[in-house]
Amino acid sequence: MFVSSSARRMHQRGSDCLSHRGHPALPIALLPALHRALPVVASAIMLGLALPVPGIVQAQAGALPTIPGYAPATAAAQRQLEQQAIGGPLPTRAQAHSATLSREPHVAGTPAQVRTRDYVIEQMKAMGLETEVRTYDVWLPHATSVKITRMGRDTVALDLAEPPIASDPATQLPQYPTANGSTGEGVGEGELVFVNFGLIEDYATLDSLGVSVKGKVVLARYGRSFRGIKAREAEKRGAVALLIYTDPLDDGFVQGDIYPDGPMRPLRGLQRGSVFNGTGDPLTPGYASKPGAPRLKPEETPLPKIPVVPVSAYNAEQLLAQVRGTDIPRNWQGGMGLRYHVGPGPVRVKVEVVTDAATRGTKQIHNTLGYLRGTEYPDQYIYIGGHRDSWGPGAADNISGTVSVLEAANALADMARKGLRPKRTIVFATWDAEEWGLVGSTEYVEDDSLRLKKGAIAYLNQDVSAQGSQFGGGGTPSLRAVLRDIVKSVPDPKGRGSVYQAWRLTSGTRADSLEPGMGDPGGGSDFAGFYNHFGIPTADWGFGGPAGTYHSAYDTYAWMERFGDPGFLYHAASGRIGAAMALRLANAEVLPYDYAEFANTMLRYIAPVERGLKQKGWNTAAVTPLTAAITRLGQAATQFAGARDAALAKGVSKAQKDAANTALLSVERGFARDAGLKSRPWYRTLIYAADVDNGYSSMVFPGVNEAIRYGTQAETTAEIADLVQRFDNATAAMNRARAALETPPARR
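Please read these numbers as outputs of a predicted model, since none were measured by experiment.

Student: I tried to follow the overall build of the protein on my own but got confused; where do I start?
Tutor: In terms of helices and strands, the protein carries 24 helices and 18 strands. Looking at the protein as a whole, 63% of its 748 residues qualify as buried. Summed over all atoms, the accessible surface of the protein reaches about 25600 Å², with 54% contributed by carbon and sulfur. Within the protein, the 72 negative side-chain charges are centred at a point lying 4 Å from the centre of the 78 positive side-chain charges.

Structure (structure tokens):
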């Protein structure tokens, strides 16, 4: 996982404190008998097929067979197809996949990562899928040597490695060096300064205290912003090196028992991760890293120039113990057993990093693709994907997502072998080098841009899909209703009814009129190329819980088996959701995007824009046209939904449905501006983006809100006007879709 998003925020860096682990609710041995107990729908398409357990069908008592985007005559059959898909993923098979794929550390660009490619391709071929490997040559320099020396009252070379654990074989294997991905190399030496989380506001506090980090080595806590932002801000202010540690207050012993006795991070555990503030190969921005492609020089990119190294809480304590100087602000104290001080000094630190940039900085990465070709619309695509690479064995991040994709693929491929193929093509993808800046998925998106812009229906992301029992979901508002409906039919492995019912319970959603909250797609996982770059609707989901092994040597199969997902029930559950979700979108007669929910969600973002304008002392009247434009879209979407349901109920031609779907595909794509954001042209959508000064948090209406933060009133007004026009274009597209369904095509 590169940067957290929506359901994966359950696994936030710095505060992994959700839920508890589940246990089997339906033993595998009972499945055959339960299958036989199901009623068979009187539909020719379903005769003779094994169906999943009654708990799945009955999870949402009294659920109606109607489905948005389906005619009443086909909705019941589609529900049964989804039940068949939900019955496909198996915990035992998911466990076997996890054991194999997390057997060893498999950092992008290593032979071990090639072995994960081969395993996934072998599995997909065995399913009967068409397979493809996309290989790219990208800038991926690996650290070869890292040293940190404390020089104060005494001189000590810190032991940086994460100690092996006797009961966990994977922790005894060679580790990737304790360096952050895309770190600068060289030597940085100076007095140590503690900068709290290394946020922009933390440096403002230091300025008020009269503390400069110029020429200093800075120590920052993980959390509250992307580590690449921490590196950017430290370098901008003249620091010569950056050390980042995870405080035990955030994911260590303060939160729970540490591994191997509990799920939290040991004192000597640390968090690796990329510090590149960008997406894709930094040497080929905006185009694929294929042979012959023009390439920038590394020094021409925004890659960090200073060494950036992760350290354990244990080593951070060894450094902070001798720091004195300025006292810390009250809220900067962490969870280590000492009083924190800002510094600078008197302790000095020397940081030395060597990489292979000069000898083999460019390495090959490999995406895997499995295709289940559609029978009616083979050139329209539903993608379900997750990354394979990790910083260690990666059982949670992200072998759990890879396993979910494989289980969804197996379920739908098995149905295809029985003659039940989807109408649209479903692509099962595993991406490489996500941990280095979404590199694999970005290169693919840039490589296949024409196909995606024309025919991609949705991208479904699986990143840390199972490491606990508490469900969370998110994505673009247009797909949230579909995800909510799907999880009403998937059983909760702990026996709490459906996943949806358990979700309502654990999220504290009591009122029938309310739905559990869902996360926004900012940036930082493999959906970014699809959504942030092209405006293709996206959804993601996963199961979270207490976890402190993120990006460490302790994210292992043994940890997962004991703490994350005993029995691998939630791996299977995530795959069940993916299989049904992909099938729902693949077979829809009219694409089931919900632009009424989209518009209602957008209206909630008007108030923060008004507050931003008021804080600047600017006229808030500029938001009135935006509110009106969003309202018009909501009205058009509601009218379209009524027209869609009426047309499907009475019967509508294929030509009409095709015309409506063409119009629907243009709605969210229309919010992607070719010129992109002024701060980051690669990010094109004007609805959501990762905050440019945070990286983890989502920024809504980023063009507008960045103009408020950094620009002039005139620039802000222009951004609002652009957004108004795009909402009006979306409304026009909704009206075209409605007209296509209401007006029969002219006879020739």
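Student: Looking at this structure, I do not really get the sheet that holds strand E11 (residues 362-372). What am I missing?
Tutor: Backbone hydrogen bonds hold the strands of a sheet together, and the pairing may be parallel or antiparallel. Pairing is mixed in the open sheet, where seven strands are placed in the order E1-E11-E13-E12-E14-E16-E15. In the strand order of this sheet, the two ends are held by strand E1 (130-139) and strand E15 (470-475), each with one partner. Neighbour to neighbour, the strand axes of the sheet diverge by 20° on average, direction disregarded. The strands touched by helix H5 (residues 111-127) within the sheet are E1, E11 and strand E13 (424-431), with E11 carrying the most contacts at an inclination of about 15°.

Student: For this particular structure, what's the right way to read the sheet that holds strand E7 (residues 308-311)?
Tutor: One open sheet holds the seven strands; their spatial order is E3-E2-E10-E4-E5-E6-E7, and the pairing between them is mixed. Edge strands, defined here as strands with exactly one partner in the open sheet, are strand E3 (155-157) and E7. Ignoring which end each strand starts from, the neighbouring axes of this sheet average 30° apart. Across six bridges, the pairing between strand E4 (residues 186-194) and strand E10 (residues 348-355) is antiparallel. Among the inter-strand pairings, Glu-189 is bridged to a residue of E10, identified as Lys-350.

Student: How do you make sense of the environment of Val-323 when you look at a structure like this?
Tutor: Tracing the backbone shows Val-323 in the loop between helix H9 (313-320) and strand E8 (326-327). Residue classification places Val-323 among the buried positions, given a relative accessible area of 1%. C-alpha separation for the pair Val-323 and Tyr-340, spaced 17 residues apart in sequence, amounts to 7.8 Å.

Student: Just checking my understanding: could you explain the nonpolar core for this structure?
Tutor: The nonpolar side chains of a soluble globular protein tend to be buried, and buried together. Judged by nonpolar contacts, the single largest core of 199 residues is most densely connected at Leu-243, Leu-412, Phe-428, Ile-687, Phe-701 and Phe-727. Those residues in contact with Phe-727 that lie beyond four places of it in its chain are Phe-598, Met-602, Leu-626, Ala-629, Ile-630, Leu-633, Phe-671, Ile-687 and Phe-701.

Student: Looking at this structure, how should I read unusual backbone geometry?
Tutor: Note on backbone geometry: most residues besides glycine have negative phi, and most peptide bonds are trans. Residues Gly-343 and Pro-344 are joined by a peptide bond in cis, for which omega reads 0°. For Pro-344, the position within the fold is in the loop between strand E9 (341-343) and E10. Each neighbour pair has its own omega, and for Asp-397 with Asn-398 the value is 5°, a cis peptide bond. Tracing the backbone shows Asn-398 in helix H11 (residues 395-417). Even without being a glycine, Val-464 presents a positive backbone phi close to 55°. Within the secondary structure, Val-464 is located in the loop between strand E14 (456-461) and E15. Under the relative-accessibility criterion, Val-464 is labelled buried at 4%. Look at His-551: it is not a glycine, yet its phi comes out positive at around 60°.

Student: Can you help me understand the side chain of Thr-116 in this one?
Tutor: With respect to the secondary-structure elements, Thr-116 resides in helix H5. A distance of 3.0 Å separates the side chain of Thr-116 from the side chain of Arg-388, its partner in a polar contact. Thr-116 has contacts with Leu-101, His-106 and Arg-388, leaving out every residue within four places of it along the chain.

Student: Would you mind showing me how to read the confidence of the model for the protein here?
Tutor: Low-pLDDT stretches of the model should not have their predicted coordinates read in fine detail. Averaged over all residues, the pLDDT of the protein is 91; the fraction at 70 or higher stands at 91%. Confidence drops under pLDDT 50 across residues 2-62; counting only partners more than four residues distant or on other chains, this segment forms 166 contacts.

Student: What am I meant to see in a nonpolar patch on the surface here?
Tutor: A surface patch of nonpolar side chains, amounting to about 300 Å² of accessible area, comprises Leu-249, Phe-253, Val-254 and Leu-267. Along the chain, the position of Leu-267 falls in the loop between helix H8 (248-251) and E7.

Student: Can you help me understand the pairing of E7 in this one?
Tutor: Looking along a regular strand, one sees side chains alternate from face to face of the sheet. What you see with E7 is no split at all: Val-308 and Pro-310 on one side and Val-309 and Val-311 on the other are buried throughout. Bridging between strand E6 (residues 241-245) and E7 involves four bridges; their strand directions are parallel. Considered in E7, the bridge of Leu-242 is made with Val-308.

Student: Whenever I open this one, the packing of aromatic side chains confuses me. Can you help?
Tutor: How two aromatic rings sit relative to each other is given by the distance of their centres and the angle of their planes. Inspection of the entire model under this criterion finds 29 aromatic pairs. Between the aromatic rings of Tyr-176 and Trp-436, the centroid separation amounts to 6.4 Å while the plane-to-plane angle is 85°, which identifies the pairing as edge-to-face. Residue Tyr-176 is found in the loop between E3 and E4, and its partner Trp-436 is found in the loop between E13 and helix H12 (439-447); the two are separated by 260 residues along the sequence. Like Tyr-176, the residue Trp-436 is buried in the burial classification. Residues Trp-431 and Tyr-444 carry aromatic rings whose centres are separated by 5.4 Å and whose planes lie at 40° to one another, so their mutual orientation is tilted.

Student: When you look at the environment of Asn-735 in this model, what are you seeing that I'm missing?
Tutor: Structurally, Asn-735 is set in helix H24 (residues 713-742). For the pair formed by Asn-735 and Ala-660, sequence separation is 75 residues and the distance between their alpha carbons is 9.3 Å.

Student: Can you help me understand the packing of helix H14 (residues 480-487) against helix H18 (residues 569-587) in this one?
Tutor: Think of two packed helices as two axes; the pair is described by the angle between the axes and how far apart they sit. Close contact between H14 and H18 brings their axes to 10 Å; oriented N to C, the two are set at 130°. Taken as axis vectors, H14 and H18 run oblique relative to one another. Here H14 runs over H18; the crossing is right-handed. Here Val-482, Leu-483, Asp-485, Ile-486 and Val-487 of H14 lie close against H18, whose contacting residues are Ile-577, Ala-580, Met-581 and Arg-584. Among the residues forming the contact of H14 with H18, the class breakdown is seven nonpolar, no polar and two charged.

Student: Can you help me understand the pattern of salt bridges in this one?
Tutor: Any two side chains of opposite charge can pair, so long as their charged atoms come close to each other. Within the structure shown, the criterion is met by 44 salt bridges. The closest approach of N and O atoms between Arg-496 and Asp-492, which form a salt bridge, is 2.7 Å. Asp-645 serves as the salt-bridge partner of Arg-644, at 3.0 Å between the closest nitrogen and oxygen. The network of salt bridges with common partners includes Arg-232, Glu-233, Lys-236, Arg-237, Asp-691, Asp-693 and Arg-709.

Student: Would you explain helix H20 (residues 606-616) in this entry?
Tutor: Helical periodicity: at 3.6 residues per turn, an α-helix aligns residues three or four positions apart in one direction. Every buried residue of H20 is listed here: Ile-606, Val-609, Gly-612 and Leu-613. Seen end-on, H20 carries its buried residues on one side only, within an arc spanning 125°. Residues Lys-614 and Gln-615 are exposed on H20 and point more than 90 degrees away from its buried face. Summarising the contacts, the buried residues of H20 are in contact with helix H19 (595-603), helix H21 (623-650), helix H23 (702-710) and H24. In the segment just after H20, Gly-617 is the residue with positive phi, at about 75°.

Student: Is there a simple way to explain the packing of H19 against H21 in this structure?
Tutor: As a packed pair, H19 and H21 sit with axes 8 Å apart at the nearest point and diverge in direction by 160°. Regarding the angle of H19 to H21, the classification is roughly antiparallel. The crossing of H19 and H21 is left-handed. In this structure, H19 uses Tyr-595, Ala-596, Phe-598, Ala-599, Met-602 and Leu-603 to contact H21, whose residues at the interface are Thr-627, Ile-630, Thr-631, Leu-633, Gly-634, Ala-637 and Thr-638. Residues belonging to the contact of H19 with H21 are distributed by class as follows: nine nonpolar, four polar and no charged.

Student: Help me out: how do you make sense of the environment of Asp-281 in this one?
Tutor: Relative to the helices and strands, Asp-281 resides in the loop between H8 and E7. Between the C-alpha atom of Asp-281 and that of Gly-335, which follows or precedes it by 54 residues, the distance is 37 Å. The contacts of Asp-281, once residues within four sequence positions are left out, are Asp-137, Val-138, Trp-139, Ser-289, Arg-295, Val-439 and Glu-443.

What counts, and where the lines are drawn
- Residues numbered from 1 in each chain as written.
- Predicted model: local features only at pLDDT ≥ 70, side-chain atom pairs only at ≥ 80, totals over all residues.
- Heavy atoms only, no water.
- Helix = DSSP H or I, 4+ residues; strand = E, 2+ residues; numbered from the N terminus.
- Buried < 20%, exposed > 50% of the residue type's maximum accessible area, 1.4 Å probe, protein only.
- Areas by Shrake-Rupley, 256 points an atom, 1.4 Å probe, with all protein chains shown as cover.
- Lys, Arg positive; Asp, Glu negative; His and termini not counted.
- Charge placed at Lys NZ, Arg CZ, Asp CG, Glu CD.
- Pairing = 2+ DSSP bridges.
- Axes fitted to C-alpha atoms, helices over the stretch in contact; angles between N-to-C directions.
- Contact = heavy atoms within 4.5 Å.
- Core = buried A, V, L, I, M, F, W, Y, C linked by side-chain atoms within 4.5 Å.
- Polar contact = N/O pair within 3.5 Å; in protein donor to acceptor, adjacent residues only side chain to side chain.
- pLDDT = per-residue confidence, 0-100.
- Patch = residues over 30% accessible without salt bridge, like charges linked within 9 Å, V, L, I, M, F, W, Y side chains within 5 Å.
- Salt bridge = Lys/Arg side-chain N within 4 Å of Asp/Glu carboxyl O.
- Phe/Tyr/Trp six-rings, centres within 6.5 Å; stacked < 30°, edge-to-face > 60°.
- Parallel < 35°, antiparallel > 145°, perpendicular 65-115°, else oblique.
- Left-handed = near helix turned anticlockwise from the far one by under 90°.
- Nonpolar A, V, L, I, M, F, W, Y, C, P; charged D, E, K, R; others polar.
- Arc of directions from axis to C-beta.

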